[in-house]
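Analysis of the macromolecular model
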Amino acid sequence: MNTWTTHQISNQFDEKIDYNLFDSDQVLQQILQQYGSAAQPQLRALGQAAGSANYYQYADLANRHPPELHSFDARGRRIDQLEFHPAWHQWMALNRAYAVHAHPFLTTTTEHGWLDWAARFFLSGQVECGNLCPNAMTLGSIPLIQREPALWAKLGEKLLSTEYDERDLPIAEKTSIWIGMGMTEKQGGSDVRANQTLARPVAASGRGQAYLLTGHKWFFSAPMSDAHLVVAQTEQDGLACFYVPRWLDDGSKNAVHIQRLKEKVGNRSNSSSEVEFKDAWGIMMGEAGRGIPTIIEMANYTRLTCSIGSSAMLRQTLVQCIAYTRQRQAFAKTLAEQPLMQAVLVDLALETEAAMQLSFHLAHCYDADDALSLAWRRVMTPAAKFWICKRAVELSGEAMEVFGGNGYVDNGIMARIFKEAPVNTIWEGSGNVMCLDVLRAIQREPDAIETLLIAWAEVAQHDSILLEELQDLTRLFNSLDPTQMQFMARGLVSRMVILAQAVLLTQHAPEHVARAFIQSRYSGFNGWVVGMMNSTEIDVDQILQRALAA
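Everything numeric in this text was worked out from a predicted model, so none of it was measured. (Residues numbered from 1 in each chain as written. Predicted model: local features only at pLDDT ≥ 70, side-chain atom pairs only at ≥ 80, totals over all residues. Heavy atoms only, no water.)

Focus: the overall build of the protein chain
When helices and strands are tallied, the protein chain shows 19 helices and 11 strands. Against the compact-globule benchmark of 24 Å for 550 residues, the protein chain has a radius of gyration of 24 Å, which places it among compact chains. When the backbone C-alpha atoms are referred to their principal axes, the protein chain occupies close to 75 × 75 × 45 Å. In the protein chain, the share of contacts with a sequence separation of at least 24, taken over all contacts with a separation of at least 6, comes to 72%. (Helix = DSSP H or I, 4+ residues; strand = E, 2+ residues; numbered from the N terminus. Rg over C-alpha atoms; globule rule 2.2 N^0.38 Å. Contact = heavy atoms within 4.5 Å.)

Shown next as structure tokens:
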């Protein structure tokens, strides 16, 4: 050996890339089978593309080269144009081709439209999360726009199109479009009722009529979108929701001025902005005075996307951790053979499958209108968004630690997911807002929570641990006054989610997975740090083999 060769590389391994995200995911395949989905061929193709080395590289480039705002052209004309790295467009085109933005609303969609959509969103979100924002908002806007006949006639075909059109042009000249959202103002944040943006009628007032908007939005998602749904105050009727296009029909830019792009911790590939409306033209959607219920319907869909997106991050970190520890040597064994590392990996695997079972069950419930499905949707959508997104933040940090110092270096997917994860805890309502929404659902729709508890009891009655937990939660719901319940909301909602996950795992997962989850989640130490497990009741090899085949 050359004595001057000081940097021979050994026992170092790159992140796992260039594999089929669908074929390698036994849990996802079983979830789709249990609900009767037949979308495997399309999902396998998407999993192959999204998991390819090329698309991992596109994700890296899109996040290392974030969008740039060009406010003016060379002669001082205001243009408010955004320049994206070509890698961003590669991801946007891929998701558009697989209808990640609209699958449940396509005429060819089967009875599993939402479930099959969730699988698409989940596969894509494992590698590049930023582009999911415009996909999620466009998805959530479609049912609202469908109820406005004039708008739908103008926009419907372009919204549903699977052709990607990146051009910044009037809608009439484009083959496909994107819709964003604008609610947040600096004085209000989550308190949308404090919004001060004012909408004045051009002539007649009311639904379907034109208004001019004046005001400011502190967070304006995806400003490159072709239009946004915006909440603003009307002088006579209170808050309303408005469709505000980027371009006007006469070919001129609407008076929506981008003041700056936000310098975010993560979500770097996607643009978020601060804008000012200077008599921006818009059309009222829904009824005057019903702006919050109108836009909240869109938010209910995008909250579901947060749960699925965070589940995707959990899945990717799990895969990367298992693949890495099966190669990395320490103390004469691979890391994956070390008992303490196995405890961490098993905990990550259980949390990931529990998140997936809950997220995909919720998506399945969006395909149905029976009382139980509606109860899941109303109560558990904000609950899942609260819990799964919180867990993704914590577990992405644990996953970085598995890689040691290499995980903390800012040029790999582990660091990117670590910085990306918090956005889902905040976007579409922070944790406190989600917990309050769950309490509102329980208080306003007591039949919904009763329907859920009865359904869970059918499973819990066969397990003493789950039955005791269900009875204790029922007692708390019946005995606490509103102030006490709000003070304890985070604990109550967390317990609801864990119980729901345990029920779903008992129903659908192998027994060794369900038992390990129940034993670990209801032990006295679980939740303090990842990896506090009792090995005597856990089949480590089977759980890790199920998570990722060797």
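Observations regarding helix 5 (residues 113-125)
Taking 1.5 Å per residue as the helical rise, helix 5 with its 13 residues ought to reach 18 Å, and the 18 Å between its terminal C-alpha atoms agrees with that figure. The element helix 5 is largely enclosed, with a buried count of 13 among its 13 residues. (Expected span 1.5 Å × (residues − 1). Buried < 20%, exposed > 50% of the residue type's maximum accessible area, 1.4 Å probe, protein only.)

Re the packing of aromatic side chains
Across all of its chains, the model carries 16 aromatic pairs by this definition. Seen from their ring centres, Phe105 and Trp114 are 5.7 Å apart, and the 85° between their planes marks the pair as edge-to-face. Here Phe105 and Trp114 have matching classes, each one buried. When the centroid spacing of 5.6 Å and the interplanar angle of 50° are considered together, the rings of Trp114 and Tyr366 count as tilted. One end of the pair, Trp114, is in helix 5; the other, Tyr366, is in the loop between helix 9 (339-365) and helix 10 (371-402), with 252 residues separating them in the sequence. The buried category is assigned to Trp114, whose relative accessible area is 7%. What makes Tyr366 buried here is its relative accessible area of 11%. (Phe/Tyr/Trp six-rings, centres within 6.5 Å; stacked < 30°, edge-to-face > 60°.)

What to know about the packing of helix 5 against helix 9
Packed helix pairs are characterised by how far apart their axes lie and by the angle those axes make with each other. Interhelical geometry of helix 5 versus helix 9 gives an angle of 140° and a closest axis separation of 7 Å. As the angle between them shows, helix 5 and helix 9 are arranged oblique. Judged by the sense of rotation from one axis to the other, the crossing of helix 5 with helix 9 is right-handed. From helix 5, Trp114, Leu115, Ala118, Ala119 and Phe122 reach across to helix 9, where they touch Met356, Phe360, Ala363 and His364. (Axes fitted to C-alpha atoms, helices over the stretch in contact; angles between N-to-C directions. Parallel < 35°, antiparallel > 145°, perpendicular 65-115°, else oblique. Left-handed = near helix turned anticlockwise from the far one by under 90°.)

Description of the domain arrangement of the protein chain
Segmentation of the protein chain into domains returns domain 1 (26-160), domain 2 (179-288) and domain 3 (294-547). For domain 2 versus domain 3, the separation of C-alpha centres amounts to 34 Å. With 14 residues of domain 2 at the interface, the matching set in domain 3 holds 9 residues. At the surface where domain 2 touches domain 3, the tally comes to 0 salt bridges. Where domain 2 touches domain 3, the interface holds 1 residue pair in polar contact (both at pLDDT 80 or more). (Domains from an automatic or database assignment. Salt bridge = Lys/Arg side-chain N within 4 Å of Asp/Glu carboxyl O. Polar contact = N/O pair within 3.5 Å; in protein donor to acceptor, adjacent residues only side chain to side chain.)

Section: unusual backbone geometry
Glycine aside, the phi torsion of most residues is negative, and most peptide linkages are trans. At Ala99, a position not held by glycine, the phi torsion is positive, near 55°. Within the secondary structure, Ala99 is located in the loop between helix 4 (86-97) and helix 5. Positive phi, normally seen in glycine, also occurs at Asn267, with a value near 55°. Structurally, the position occupied by Asn267 is in the loop between strand 8 (256-261) and strand 9 (272-285).

Re the nonpolar core
Core analysis: the biggest nonpolar cluster contains 172 residues, and Trp376, Met380, Trp456 and Met496 have the highest contact counts within it. Looking at this core element by element, the count peaks at 16 residues for helix 8 (residues 291-325). Every residue in contact with Trp376, bar those within four places of it in the chain, is listed here: Leu358, His361, Leu362, Cys365, Thr381, Leu452, Trp456, Ala500 and Leu504. Grouped together as the second largest cluster of nonpolar side chains are 15 residues, Ala199, Phe242, Val275 and Ala280 included. (Core = buried A, V, L, I, M, F, W, Y, C linked by side-chain atoms within 4.5 Å.)

Looking at the side chain of Gln342
Considering the arrangement of structural elements, one finds Gln342 in helix 9. In this structure Gln342 comes out as buried when scored by relative accessible area, which is 18%.

With respect to the environment of Glu263
Looking at the secondary structure, you find Glu263 in the loop between strand 8 and strand 9. Glu263 gets classed as exposed once you look at its relative accessible area, which sits at 68%. It is 21 Å that separates the C-alpha atoms of Glu263 and Trp91, two residues lying 172 residues apart in sequence. A polar atom in the side chain of Glu263 sits 3.3 Å from the side chain of Arg268.

So, the environment of Ile543
Here Ile543 lies in helix 19 (residues 540-547). The exposure class assigned to Ile543 is buried, which follows from its relative accessible area of 4%. Spatially, the C-alpha atoms of Ile543 and Val346 are 6.7 Å apart, while their sequence positions differ by 197 residues.

A few points about the pattern of salt bridges
Counted under the stated rule, the structure contains 33 salt bridges. In this structure, Arg78 and Asp80 form a salt bridge, with 3.2 Å as the shortest nitrogen-oxygen distance. Members of the salt-bridge network, linked through shared partners, are Arg303, Arg378, Asp437, Arg440 and Glu445.

Here we look at the packing of helix 9 against helix 17 (residues 489-508)
Axis separation between helix 9 and helix 17 bottoms out at 9 Å; the angle between their running directions is 90°. Here helix 9 is positioned roughly perpendicular relative to helix 17, judged by the angle of their axes. Within the contact between the two elements, helix 9 uses Glu353, Ala354, Ala355, Gln357, Leu358 and His361 and helix 17 uses Val497, Gln501, Leu504, Leu505 and His508. Here the contact of helix 9 with helix 17 is composed, by residue class, of 6 nonpolar, 4 polar and 1 charged. (Nonpolar A, V, L, I, M, F, W, Y, C, P; charged D, E, K, R; others polar.)

Notes on a nonpolar patch on the surface
Nonpolar side chains collect at one region of the surface, where Trp528, Val529 and Met532 lie side by side and expose about 310 Å² of accessible area between them. Mapped onto the fold, Trp528 is located in the loop between helix 18 (511-521) and helix 19. Look at Trp528 and you get exposed, because its relative accessible area is 58%. (Patch = residues over 30% accessible without salt bridge, like charges linked within 9 Å, V, L, I, M, F, W, Y side chains within 5 Å. Areas by Shrake-Rupley, 256 points an atom, 1.4 Å probe, with all protein chains shown as cover.)

Remarks on the side chain of Gln338
Positionally, Gln338 belongs in the loop between strand 11 (333-334) and helix 9. Gln338 gets classed as buried once you look at its relative accessible area, which sits at 18%. One polar contact links the side chain of Gln338 to the main-chain carbonyl oxygen of Ala330, over a distance of 2.7 Å. The residues contacting Gln338, other than those within four sequence positions of it, are Ala330, Phe331 and Lys333.

Details of helix 4
Counting along an α-helix, one turn takes 3.6 residues, and residues three or four places apart therefore face a common direction. Under the 1.5 Å per step criterion, the end-to-end length of helix 4 is 17 Å for 12 residues, consistent within 8% with the ideal 16 Å. Next to the buried residues of helix 4 lie helix 2 (40-50), helix 3 (53-64), helix 5, helix 6 (132-146) and helix 7 (149-160). Positive phi shows up at Ala99, right after helix 4, with a value of about 55°.

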